[in-house]
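# Residue-level structural notes
Listed here are the chains, written in short residue letters.
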Amino acid sequence: MQIENCIALVTGANGGLGQYYVEALRSQGAAKIYACARNPDSLANLVAKDPSKIIPITLEITDEQSVKQAVSLCQDITLLINNAGVGFNQGLIAATDLSKARMEIEVNYLGTLIVCRAFAPVLKQNQGGAIINMVSMVARVNLPFNGSYSASKAATLSLTQGVRAELASQGTLVIAVLPATIDIGMGKSYPEPKVSPEEVVREALQAVVDGVEDVYPGEQAKQMAAQLLKDPKSLEKIVAMMLPTSTP
Ligand SMILES: NC(=O)c1ccc[n+]([C@@H]2O[C@H](COP(=O)([O-])OP(=O)(O)OC[C@H]3O[C@@H](n4cnc5c(N)ncnc54)[C@H](OP(=O)(O)O)[C@@H]3O)[C@@H](O)[C@H]2O)c1
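Just so it is clear, the structure is predicted and the values come from calculations on it, not from any experiment.

This brings us to the site of the ligand. Of all residues adjacent to the ligand, which total 28 residues, the nearest are Asn14, Leu17, Arg38, Glu60 and Tyr149. Here Ile61 contributes a backbone N or O atom positioned 3.0 Å from a nitrogen atom of the ligand. Met186 places a polar main-chain atom, nitrogen or oxygen, 2.9 Å from an oxygen atom of the ligand. Here the ligand has 900 Å² of accessible area as a free molecule, and 86% of this is covered by the chains. Contributions of two or more residues to the shell around the ligand are made by α1 (16-27) and α5 (147-167). Of the residues belonging to the shell around the ligand, the class tally is 14 nonpolar, eleven polar and three charged.

To continue, consider the packing of aromatic side chains. Under the criterion given, the structure shown has one aromatic pair. Across the ring face of Phe88, the terminal group of Lys100 is positioned such that the distance to the ring centre comes to 5.5 Å.

Here we take up helix α6 (residues 197-210). For α6, spanning 14 residues, the distance from its first C-alpha to its last is 20 Å, which sits close to the expected 20 Å at 1.5 Å a residue. If you check which residues of α6 are buried, you get Pro197, Val200, Val201, Glu203, Ala204, Leu205, Ala207 and Val208. Tucked into the core, α6 has its buried residues touching α1, β4 (79-82), β5 (130-134), β6 (173-177), β7 (214-215) and α7 (219-230). Of the residues trailing α6, Gly211 is marked for its positive phi of about 70°.

On to the packing of α1 against α6, then. Interaxial distance between α1 and α6 falls to 9 Å at its minimum, and their mutual angle equals 55°. By the angle between their directions, the pair α1 and α6 is classed as oblique. The handedness of the crossing between α1 and α6 is right-handed. Together, Leu17, Tyr20, Tyr21, Ala24 and Leu25 of α1 and Pro197, Glu198, Val200, Val201, Ala204 and Leu205 of α6 make up the contact between the two elements. The residue inventory of the contact of α1 with α6, partitioned by class, reads ten nonpolar, no polar and one charged.

Attention now moves to the nonpolar core. With 36 residues, the main nonpolar core has Tyr21, Leu25, Leu79, Ile132, Val177 and Leu205 as its most contacted residues. Looking at this core, the elements that each hand over two or more residues are β1 (7-10), α1, β2 (32-37), α2 (44-48), β4, β5, β6 and α6. Ignoring sequence-local partners within four residues, the contact set of Tyr21 consists of Val10, Ile81, Asn83, Ile132, Met134, Val177, Val201, Ala204 and Leu205. In terms of nonpolar packing, the next biggest core, distinct from the first, is built from 28 residues, Leu59, Val71, Ala84 and Ile114 among them.

Taken together, the side chains of Ile238, Met241 and Met242 present a nonpolar region at the surface, about 310 Å² in accessible area. Secondary-structure assignment places Met242 in the segment after α8 (232-239).

About the criteria used
- Residues numbered from 1 in each chain as written.
- Predicted model: local features only at pLDDT ≥ 70, side-chain atom pairs only at ≥ 80, totals over all residues.
- Heavy atoms only, no water.
- Near = heavy atom within 4 Å.
- Polar contact = N/O pair within 3.5 Å; in protein donor to acceptor, adjacent residues only side chain to side chain.
- Areas by Shrake-Rupley, 256 points an atom, 1.4 Å probe, with all protein chains shown as cover.
- Helix = DSSP H or I, 4+ residues; strand = E, 2+ residues; numbered from the N terminus.
- Nonpolar A, V, L, I, M, F, W, Y, C, P; charged D, E, K, R; others polar.
- Phe/Tyr/Trp six-rings, centres within 6.5 Å; stacked < 30°, edge-to-face > 60°.
- Lys NZ or Arg CZ within 6 Å of the ring centre and 35° of its normal.
- Expected span 1.5 Å × (residues − 1).
- Buried < 20%, exposed > 50% of the residue type's maximum accessible area, 1.4 Å probe, protein only.
- Contact = heavy atoms within 4.5 Å.
- Axes fitted to C-alpha atoms, helices over the stretch in contact; angles between N-to-C directions.
- Parallel < 35°, antiparallel > 145°, perpendicular 65-115°, else oblique.
- Left-handed = near helix turned anticlockwise from the far one by under 90°.
- Core = buried A, V, L, I, M, F, W, Y, C linked by side-chain atoms within 4.5 Å.
- Patch = residues over 30% accessible without salt bridge, like charges linked within 9 Å, V, L, I, M, F, W, Y side chains within 5 Å.
- Salt bridge = Lys/Arg side-chain N within 4 Å of Asp/Glu carboxyl O.

Right under this line is the structure:
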């Protein structure tokens, strides 16, 4: 599949990485990009870059009615980019209650699942196409100071594998993107090293062209993925030192 002339939908398009996805799709020649946000006013600057190609859509991914409405407006997509997500930098034990952990599961896992289920028939009718799910390296090794987010992204990785298996027969390529820290959005306050948002979207879109299922954008994620193959326990022990500040 090529990016040129594809019709893409990006969730969380007003967010840090979402804007880079829209921009990269446009510069690589996508025919149309549905830019989705909970508040469409937040998309004004992005849409103004190319109103003939960038179409704003209101979308709350945890609300099945909102997703249904988006499906009815976007019947021609060939590339679905599940980019929307939340993370609250909370420990599993240190968190004062479960409200944020529930929200991470609600958005990162259930919201992504709702969108995949709703758009699977659309992709089928459009010759299969592709889905990119924004996962994270912390899906593979829990980062304790963001422990509940890590667990929610592990669920997102598992759903990506299951959706991939179920949609293989309709020819839909399902891609997991697993970066470490990105220098944008929720990664802004994190320490170096970081991968640039341009590099993340470049590698993710290239995976669509090359038919690659699992993408580790940037040096840090590639090194961690290699370490997980060689000695997963040693990586778990290193990452385990990054504890939440209020751990008992
Ligand atoms: N930045 C990193 O270091 C990093 C690393 C690995 C993976 N990721 C993943 O990459 C993706 C993008 O992250 P980012 O850094 O760009 O984060 P961000 O700047 O916080 O953007 C998140 C986007 O998701 C949207 N969103 C949140 N909840 C939603 C919901 N219920 N329905 C619809 N949209 C919703 C937000 O919309 P609102 O403006 O309405 O809140 C925002 O547009 C996320 O899935 C994240 O987990 C990020």
